[in-house]
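Below, each chain spelled out in residue letters.
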Amino acid sequence: MNVTRGRGTTLVLGASLLALAFFGCAEDKALRKRQAQAKQDLGRSLLVQGNYTAGLGKLHEAAKIDPDNPQIQNELGLAYREIEMYPEAITHFKKAVELDPDFSEAYNNLGTVYLILKKWDLAITCFRHALENNLYETPHFAYHNLGLVYYHKGEFQKAIECYQKAVQMQPSYSRSYHHMGIAFEALNQWEKAIERYKQSIRHAPENPVSYFYLGRLYRKLNMPTLAARNLRETIRLNKQNIYAPEARRLLSEVE
């Protein structure tokens, strides 16, 4: 009897110690998660303020505490992309998708770096990976970026098809209407280009870019009144934007 009680007591104590160890590990992991999240939030805030050195430092601290967090790796990639440190951005975006193969946003972000670097085939692969996930909440971004790749490759019809898919997913996405206009213009399909620029303006009436492209196209088609109207709107919306000097020059030619 004494032996039996001793063994039972030993088993109970062993189970209790194991449970305590388990809960201790769980609490320690939760604490590390909270610490990493705090540093990630601070890093993000610093980046928004334009303090990239300090912001990146905090994100790296967060990644050291929580090395298996794909969100932190993605944010590191975004920060490095913003300051044009593309090899570092690629490294962190790749790490993000290694940690989470269904992380469509990170695949899309990785694709944008390859797009900037004109590595078209790598960019296409990334955007298509992003679109494989049926739970991807913003597929219009990947479709739009895929369209940009095909446009730069000179495959204008494929680009248009991608932009069309983007606006099917997000009908108010003005950038895809605008870039459809550019692609139709490259194909000398003037009426379709004009309509897409107008659609872009309807969805983003305060953005001067489509007004400029529309005004320039009207000038090309020898329609000075319509050209002048859109070029004036370009200048009115943002006198300091990069299109204003050219808009003024073209306006002087059509008035």
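Report follows, based on the coordinates. Keep in mind that this is a model prediction, so the values were computed, not measured.

## Section: helix α7 (residues 139–152)
Counted at 1.5 Å a residue, the expected span for α7 with its 14 residues is 20 Å, and the 20 Å between its end C-alpha atoms agrees. Counted residue by residue, α7 has 11 buried out of 14 residues, so it is predominantly covered. Among the residues trailing α7, G154 stands out with phi positive, at a value near 85 degrees.

## Here we look at helix α13 (residues 244–254)
Inspection of α13 places A244, A247, L250, L251 and V254 among the buried residues, and these make up the whole buried set. Take α13 and look down its axis: the buried residues cluster within an arc of 125 degrees, on one side only. Facing away from the buried side of α13, by more than 90 degrees, are the exposed residues P245 and S252. Buried residues along α13 sit against α11 (208–220) and α12 (224–237).

## Considerations on the side chain of N74
Note on placement: N74 falls in helix α3 (residues 70–82). Using a relative accessible area of 7% as the deciding quantity, one classes N74 as buried. Excluding its chain neighbours within four sequence positions, the residues that come into contact with N74 are F93, A96, F103, E105, A106 and N109.

## Comments concerning the packing of aromatic side chains
Summed over the entire model, instances satisfying the criterion amount to 6 aromatic pairs. Taken together, a centroid distance of 5.0 Å and an interplanar angle of 40 degrees make the contact between F212 and Y243 tilted. With a gap of 31 residues between them, F212 in helix α11 and Y243 in the loop between α12 and α13 connect regions that are remote in the sequence. We classify F212 as buried; its relative accessible area is 4%. Linked through ring pairs, Y197, F212, Y213 and Y243 together constitute an aromatic cluster.

## A short note on the layout of surface pockets
Size it by volume and the largest pocket reaches roughly 210 Å³. Those elements that provide at least two residues to the lining of the largest pocket are α5 (104–116) and α7. Per element, the largest residue contribution to the lining of the largest pocket is 5 residues, and it comes from α7. Residues of the lining of the largest pocket, tallied by class, amount to 5 nonpolar, 4 polar and 1 charged. In this model, the second largest pocket occupies a volume close to 170 Å³. Surrounding the second largest pocket, R44, L47, V48, Y52, E75, L78, A79, R81 and E82 form its lining. Only α1 (2–48) and α3 provide two or more residues apiece to the lining of the second largest pocket. Among the elements that take part in the lining of the second largest pocket, α3 stands out by supplying 5 residues, more than any other. The class makeup of the residues in the lining of the second largest pocket is 5 nonpolar, no polar and 4 charged.

## Digging into the pattern of salt bridges
Summed over the entire model, instances satisfying the criterion amount to 14 salt bridges. Because the salt bridges share partners, they merge into one network encompassing D121, K153, E155 and K158.

Parameters at a glance
- Residues numbered from 1 in each chain as written.
- Predicted model: local features only at pLDDT ≥ 70, side-chain atom pairs only at ≥ 80, totals over all residues.
- Heavy atoms only, no water.
- Helix = DSSP H or I, 4+ residues; strand = E, 2+ residues; numbered from the N terminus.
- Expected span 1.5 Å × (residues − 1).
- Buried < 20%, exposed > 50% of the residue type's maximum accessible area, 1.4 Å probe, protein only.
- Arc of directions from axis to C-beta.
- Contact = heavy atoms within 4.5 Å.
- Phe/Tyr/Trp six-rings, centres within 6.5 Å; stacked < 30°, edge-to-face > 60°.
- 1 Å grid on protein atoms, 1.4 Å probe; cavity = no way out; pocket = protein on both sides within 12 Å on 5 of 7 lines; lining within 4 Å.
- Points joined across faces, edges and corners; volume = space filled by probe spheres on them.
- Nonpolar A, V, L, I, M, F, W, Y, C, P; charged D, E, K, R; others polar.
- Salt bridge = Lys/Arg side-chain N within 4 Å of Asp/Glu carboxyl O.

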